[in-house]
Amino acid sequence: METGRTPKLVGTVWGLLILNTLGSTGAETVVPLPRSLIQMVTMGALAVAFSLALALNLRLRVRASAFLFLLTLLLVPSVISSTDLESGFGALFRCARLGLFVGTLWLLSRWWDGGPTFVRHHIRMYFAVLCTVAAGALVSPGAAMPDLYGGRLVGALWPLTPPQIGQYAAVIIGLALLLVLSRQTDRRSAALVIVPSLLLLVLTHTRTATLGLLVGLTLAIGSLALTSAAARRFFSWAVLCAAVAAVAFASALHAWFLRGQSEENFSNLTGRAKVWDALLAAPRTVGEKVFGIGLGDKSFDGLPIDNSWLAVYHEQGLIGIALVATVFVVLGGVALLRPPSPARACAIFLISYCALASYTEAGLGDASPYLLHLAVAASLLASPAAATPRVTPEPPRRRVPRWARTPEVT
């Protein structure tokens, strides 16, 4: 199948998908935004994204993708469990949203060719989101780092929580760094993204994002070490600097990771373990164990679950867990089988980041930034489409009169 040049509107569609996954809850903003207005904007963005993607791909040409096929299958337990209305009519609405989200990804898969196109879209769009965070911090520092969140950076113009900002910053830092190491972008452009994003990441005090960035980069750069001298040099210097920093700033790093919490509170993951134990101990029917209770707001008894696997088990059951686990097995297996390359390194970074973050963040079973990260990884692991050879039309034959075609007998 011939993909051709990627239209510029594909980047717009990707930005609308990112806008849809920003969510509608978070810190108080400088200008109060009603939640209904935010939901209208985010859902409207998804509808426009699907419409634009359909207009760009009217012939419905898609790439075969095990990742998207598994996401489509994930709709089955979601719909089955949501039809019981145990989670209310909102569950069916979330199913429709997930279906529209996956449908838009199917339409965009036509341009998945293993190149860095979607990586660049990912970096640009999330960097634009981080620019709004930085602008909010400049406009109102008090609102951007409120006492409610322990002085951690939040979104003051759009309601974003510290884990969200940390996630966006960590992902684009890792991708930009891998692009510059593979010489697919210049150092100045990468520095304009990495330096401010790193500052925002530090201000969020987000442990999951920081660990995900470090682990993901270690695995990704390690996959390039055998073929890239720049990757080997960077890895060596990074290990040396990390060792020096660990010795010289051990107490400061320890205090930063604790965030003023006690050792006991840190060990039970800021109360998350109590919610997890209660969720697992709750009585369930066989149907609820297999299919879940329907798509909800990723909470249990009013408290956030903050674990993708338990959230999927709660809402989509054991079938949902099996499908999400298969997604990681398929993407990880394909990445390991591919020869070393910048695309493979970026895919490994995204897959490993999402896998690590799934322990303390929810979102793998519904439309979320984590599914967008994995979609970028899937686009990087897609085989380049074979170009269709151009057929040159034969020149029209000159009509020869009949008398000229018949030899003359003398």
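It should be emphasised that the depicted structure is a prediction, and the values quoted were computed from it without experimental measurement. (Residues numbered from 1 in each chain as written. Predicted model: local features only at pLDDT ≥ 70, side-chain atom pairs only at ≥ 80, totals over all residues. Heavy atoms only, no water.)

(A) Main features of the overall build of the chain. When its secondary structure is counted, the chain shows 18 helices and two strands. The 410 residues of the chain split such that 46% are buried. Within the chain, contacts between residues at least 6 apart in sequence are counted, and of these 76% link residues at least 24 apart. Total accessible area on the chain stands at roughly 20,700 Å², and carbon and sulfur atoms take up 67% of it. (Helix = DSSP H or I, 4+ residues; strand = E, 2+ residues; numbered from the N terminus. Buried < 20%, exposed > 50% of the residue type's maximum accessible area, 1.4 Å probe, protein only. Contact = heavy atoms within 4.5 Å. Areas by Shrake-Rupley, 256 points an atom, 1.4 Å probe, with all protein chains shown as cover.)

(B) Structural context of helix H15 (residues 308-337). Given a rise of 1.5 Å per residue, 30 residues ought to cover 44 Å, yet the end C-alpha atoms of H15 are separated by just 26 Å, more than 12% below that figure. In the structure, H15 departs most strongly from a straight axis at Gln316, where the bend amounts to approximately 135 degrees. Backbone nitrogen of Trp309 and a side-chain oxygen of the N-cap are separated by 2.9 Å at the start of H15; the cap is Asn307. (Expected span 1.5 Å × (residues − 1). Bend = angle between axes of the 7 residues up to and from the residue. Polar contact = N/O pair within 3.5 Å; in protein donor to acceptor, adjacent residues only side chain to side chain.)

(C) Examining the side chain of Thr161 more closely. Considering the arrangement of structural elements, one finds Thr161 in the loop between helix H6 (141-144) and helix H7 (162-181). Beyond its immediate chain neighbours, meaning those up to four positions away, Thr161 contacts Thr25, Gly26 and Tyr149.

(D) Region of the structure containing the environment of Ala238. Along the chain, Ala238 falls in helix H10 (residues 229-248). Spatially, the C-alpha atoms of Ala238 and Thr218 are 9.6 Å apart, while their sequence positions differ by 20 residues.

(E) Here's a closer look at the nonpolar core. Ranked by internal contacts, the top residues of the largest apolar core, which has 98 residues, are Trp14, Leu17, Phe67, Leu105, Leu108, Trp112 and Leu374. The leading source of residues in this core is H7, at 14 residues. Beyond its immediate chain neighbours, meaning those up to four positions away, Phe67 contacts Trp112, Val327, Leu331, Leu371, Leu374, Ala375 and Ala378. Counting residues in each nonpolar core, the second largest holds eight residues, with Trp276, Ile305, Leu310 and Tyr313 among its members. (Core = buried A, V, L, I, M, F, W, Y, C linked by side-chain atoms within 4.5 Å.)

(F) Up close: the pattern of salt bridges. Summed over the entire model, instances satisfying the criterion amount to three salt bridges. Each of Lys298, Glu315 and Asp366 takes part in salt bridges that share partners, so that together they form one network. (Salt bridge = Lys/Arg side-chain N within 4 Å of Asp/Glu carboxyl O.)

(G) Seen up close, the packing of aromatic side chains. If you walk through the whole model with that rule in mind, you get six aromatic pairs. Arranged with centres 5.3 Å apart and planes meeting at 70 degrees, the rings of Trp14 and Phe118 form a pair that is edge-to-face. Within this pair, whereas Trp14 is found in helix H1 (residues 9-20), its partner Phe118 is found in helix H5 (residues 117-139), the two being separated by 104 residues in sequence. What makes Trp14 buried here is its relative accessible area of 0%. Look at Phe349 and Tyr353: their rings are 6.3 Å apart centre to centre, the planes differ by 40 degrees, and that puts the pair in the tilted class. Taken together, the residues span about one helical turn, with Phe349 and Tyr353 both in helix H16 (residues 342-357) at a distance of four residues. Taken individually, Phe349 and Tyr353 each receive the classification buried, so the pair is uniform in this respect. Aromatic rings pair up to connect Trp14, Trp112 and Phe118 into one cluster. (Phe/Tyr/Trp six-rings, centres within 6.5 Å; stacked < 30°, edge-to-face > 60°.)

(H) Inspection of the packing of helix H9 (residues 207-224) against H10 at higher detail. Where H9 meets H10, the axes come as close as 8 Å, and the angle between the chain directions of the two elements is 140 degrees. Our classification of the angle between H9 and H10 gives oblique. In this structure, H9 meets H10 at a crossing whose hand is left-handed. Within the contact between the two elements, H9 uses Thr218, Ile221 and Leu224 and H10 uses Ala231, Phe234 and Phe235. For the contact of H9 with H10, the per-class residue count stands at five nonpolar, one polar and no charged. (Axes fitted to C-alpha atoms, helices over the stretch in contact; angles between N-to-C directions. Parallel < 35°, antiparallel > 145°, perpendicular 65-115°, else oblique. Left-handed = near helix turned anticlockwise from the far one by under 90°. Nonpolar A, V, L, I, M, F, W, Y, C, P; charged D, E, K, R; others polar.)

(I) Expanded view of the packing of H5 against helix H17 (residues 369-381). One can describe the packing of H5 onto H17 by two numbers: an axis separation of 9 Å at closest approach and a directional angle of 155 degrees. Judged by the inter-axis angle, H5 sits roughly antiparallel to H17. Contacts between H5 and H17 involve Phe118, Val119, His122 and Tyr126 from the former and Pro369, Leu372, His373, Val376, Ser379 and Leu380 from the latter. Residues that form the contact of H5 with H17 fall into these classes: seven nonpolar, three polar and no charged.

(J) Region of interest: helix H3 (residues 66-82). Here H3 is 17 residues long and its end C-alpha atoms lie 25 Å apart, about the 24 Å a rise of 1.5 Å per residue gives. Structurally, H3 contributes buried residues whose contacts are with helix H4 (89-108), helix H14 (286-291), H15 and H17.

(K) How the structure looks around unusual backbone geometry. Not every positive phi belongs to a glycine, and His205 is a case in point at roughly 55 degrees. Assignment of secondary structure puts His205 in the loop between helix H8 (187-204) and H9. With relative accessibility at 26%, the residue His205 sits in the partly exposed group. Even without a glycine there, the phi angle at Asp301 is positive, about 55 degrees.

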